[in-house]
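An overview of the molecular structure
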Amino acid sequence: MAARAYWKGYLKLSLVSCSISVNPATSSSERVSFRQINKQTGHRLRQQLVDEVTREPVEAEDKGRGYEVDKGVFIQVEDDEIEALQVESTHTVEIDSFVPAAQIDKRFYDSPYYVFPNDNVGQEAFAVIRDAMKGRGVVALGRIVLNKRERVMALEPFGKGLLGTTLHYAYEVRDAADYFDDITDVKISGEMLKLAQHIMEGKSGEFDPSAFEDRYETALVEMLKQKQAGFKPPKGKEKPAAPNVVNLMDALRQSIAAGRRTPAAEKASSKAEKPPKKGKKQVAGQREMLLAIEGKKAKEVKKPAAKPAGKQRKAG
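Quick look at the structure, then. Fair warning: this is a prediction, and the values are worked out from it, not measured in the lab.

**Some words on the overall build of the protein chain**
Along the protein chain, the regular secondary structure elements total 8 helices and 9 strands. Counting over 316 residues, the protein chain shows a buried share of 21%. At a minimum sequence separation of 6, the contacts of the protein chain that also span at least 24 residues come to 64%. Carbon and sulfur atoms make up 53% of the accessible area of the protein chain, which amounts to about 26000 Å² in all.

**With respect to the sheet that holds strand S5 (residues 92-100)**
Read around the barrel, 7 strands follow the order S1-S2-S6-S9-S8-S7-S5 and close on themselves; strand pairing throughout is mixed. Averaged over all neighbouring strand pairs, the angle between strand axes comes to 40°, with direction disregarded. Two elements, strand S8 (residues 149-158) and strand S9 (residues 161-167), share 7 bridges in a ladder whose sense is antiparallel. Bridging from a neighbouring strand, Glu-156 pairs with Leu-163 of S9. Sheet strands touched by helix H2 (residues 123-133): strand S1 (7-13), strand S2 (16-24), S5, strand S6 (109-117), strand S7 (138-146), S8 and S9. Its angle to S2, the strand with the most contacts, is close to 80°.

**Focus on the side chain of Thr-166**
Here Thr-166 lies in strand S9. Classification of Thr-166 as buried rests on a relative accessible area of 1%. Not counting residues up to four positions away in its chain, the partners in contact with Thr-166 are Phe-108, Tyr-109, Asp-110, Ser-111, Tyr-113, Leu-146, Arg-151, Val-152 and Met-153.

**Topic: helix H4 (residues 190-203)**
Between its terminal C-alpha atoms H4 stretches 20 Å, which fits the 20 Å expected from 14 residues at 1.5 Å a residue. Within H4, burial applies to Met-192, Leu-195 and Ile-199. On an axial view of H4, the arc spanned by its buried residues comes to 65°, and they lie on one face. For H4, exposure combined with an orientation more than 90 degrees from the buried face picks out Lys-194, Met-200 and Glu-201.

**Some thoughts on the pattern of salt bridges**
In this structure the tally under the stated criterion is 7 salt bridges. Arg-65 is paired through a salt bridge with Asp-79; the nearest N and O atoms lie 3.1 Å apart. One end of the pair, Arg-65, is in strand S3 (residues 65-70); the other, Asp-79, is in helix H1 (residues 79-84), with 14 residues separating them in the sequence. Measuring nitrogen to oxygen at the nearest pair gives 3.0 Å for the salt bridge that ties Arg-253 to Glu-191. Of this pair, Arg-253 sits in helix H6 (residues 248-259) while Glu-191 sits in helix H4, and the two are 62 residues apart along the sequence. The class for Arg-253 is partly exposed, based on a relative accessible area of 43%. For Glu-191, a relative accessible area of 43% corresponds to the partly exposed category. Salt bridges linked by common partners bring Arg-130, Asp-131 and Lys-134 together as one network.

**Concerning the packing of aromatic side chains**
What the rule picks out here adds up to 4 aromatic pairs. Here Tyr-169 and Tyr-171 contribute two aromatic rings whose centre-to-centre distance is 5.9 Å and whose plane-to-plane angle is 5°, an arrangement assigned as stacked. Here Tyr-169 falls in the partly exposed class, since its relative accessible area comes to 24%. For Tyr-171, a relative accessible area of 61% gives the class exposed.

**Quick look at H2**
Those residues of H2 that fall on the buried side of the exposure criterion are Ala-125, Phe-126, Ala-127, Ile-129, Arg-130 and Met-133. Gly-135 lies just past H2 and shows a positive phi near 75°.

**Some words on the packing of H4 against H6**
Axis separation between H4 and H6 bottoms out at 9 Å; the angle between their running directions is 30°. Classified by the interaxial angle, the pair formed by H4 and H6 is roughly parallel. Crossing handedness for the pair H4 and H6: left-handed. When H4 is examined against H6, the residues Glu-191, Met-192, Leu-195, Ala-196, His-198 and Ile-199 are found in contact with a partner set consisting of Leu-248, Met-249, Leu-252, Arg-253, Ser-255 and Ile-256. For the contact of H4 with H6, the class distribution of residues is 8 nonpolar, 2 polar and 2 charged.

**Some points on the side chain of Arg-151**
Mapped onto the elements of the fold, Arg-151 is located in strand S8. According to the relative accessible area criterion, Arg-151 is buried, its value standing at 17%. A polar contact of 2.8 Å, which involves the side chain of Arg-151, links it to the side chain of Asp-110. Ignoring any residue separated from it by four or fewer positions in sequence, one finds Arg-151 in contact with Asp-110, Gly-142, Arg-143, Ile-144, Thr-166, Leu-167, His-168 and Tyr-169.

Thresholds applied
- Residues numbered from 1 in each chain as written.
- Predicted model: local features only at pLDDT ≥ 70, side-chain atom pairs only at ≥ 80, totals over all residues.
- Heavy atoms only, no water.
- Helix = DSSP H or I, 4+ residues; strand = E, 2+ residues; numbered from the N terminus.
- Buried < 20%, exposed > 50% of the residue type's maximum accessible area, 1.4 Å probe, protein only.
- Contact = heavy atoms within 4.5 Å.
- Areas by Shrake-Rupley, 256 points an atom, 1.4 Å probe, with all protein chains shown as cover.
- Pairing = 2+ DSSP bridges.
- Axes fitted to C-alpha atoms, helices over the stretch in contact; angles between N-to-C directions.
- Expected span 1.5 Å × (residues − 1).
- Arc of directions from axis to C-beta.
- Salt bridge = Lys/Arg side-chain N within 4 Å of Asp/Glu carboxyl O.
- Phe/Tyr/Trp six-rings, centres within 6.5 Å; stacked < 30°, edge-to-face > 60°.
- Parallel < 35°, antiparallel > 145°, perpendicular 65-115°, else oblique.
- Left-handed = near helix turned anticlockwise from the far one by under 90°.
- Nonpolar A, V, L, I, M, F, W, Y, C, P; charged D, E, K, R; others polar.
- Polar contact = N/O pair within 3.5 Å; in protein donor to acceptor, adjacent residues only side chain to side chain.

Written out as structure tokens, the structure reads:
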């Protein structure tokens, strides 16, 4: 069942339009997150808005927004005044132009969204816009209002739907010269480049996002399981000292030598040389004591001894 639409409106190309839904293509909800609590009682904390000058609590209906024009001096702005600025683009993504996808600097890409028709009536119009872009190497640029801000969105065919990626405005992208101008021009010898390229060839492969493990998240879940089971989590390991290689050419050569026997190759070689050992007998009840922690798709645990900890959102 599809998730509830994050944004609903219309996609418009000249006189062709269709009803669409827009949903974020990524989510951090599977990550473990925490609540703020009182360490003395274990109770959850609630944040309260307080007037900076009077120190009095402020009710929700009295909360507003303002732009600071001087120290402590604000221009108060109402929600309807902001809404009035967005009349034309609030509910419509109007395609302004088509540009070569290769021309968009990667620094300008922000957040990806799935764009899809939300009724049967607009399916044909949606398909026309989508298929007209296929194979042409172009993206459509339109405007969309998200969280009361108008954003430029780049639309491109993605499977049966469209992938819409919000773009940063030019004023939001920092000038690379501020960071790169102090880098000196260095002439690298051909031999060094060949050694570096040889290392690259040994590490080349295909992009597979599932191959990347979020090691922090894995360690966090394991720590929570240990604490939930009543064990004291182990202290952090000491960081290994950095290798003391002064000569760059030596470092390149040592890297190539180290890469000749990768951990995977050593493991396979070890299995071939030694007969397989019998599995270590598991202590009764050990697995049952490690309870499932929600917030991440962890491995199943047999017969949990207590109710799993609930998934929580970040505080604040």
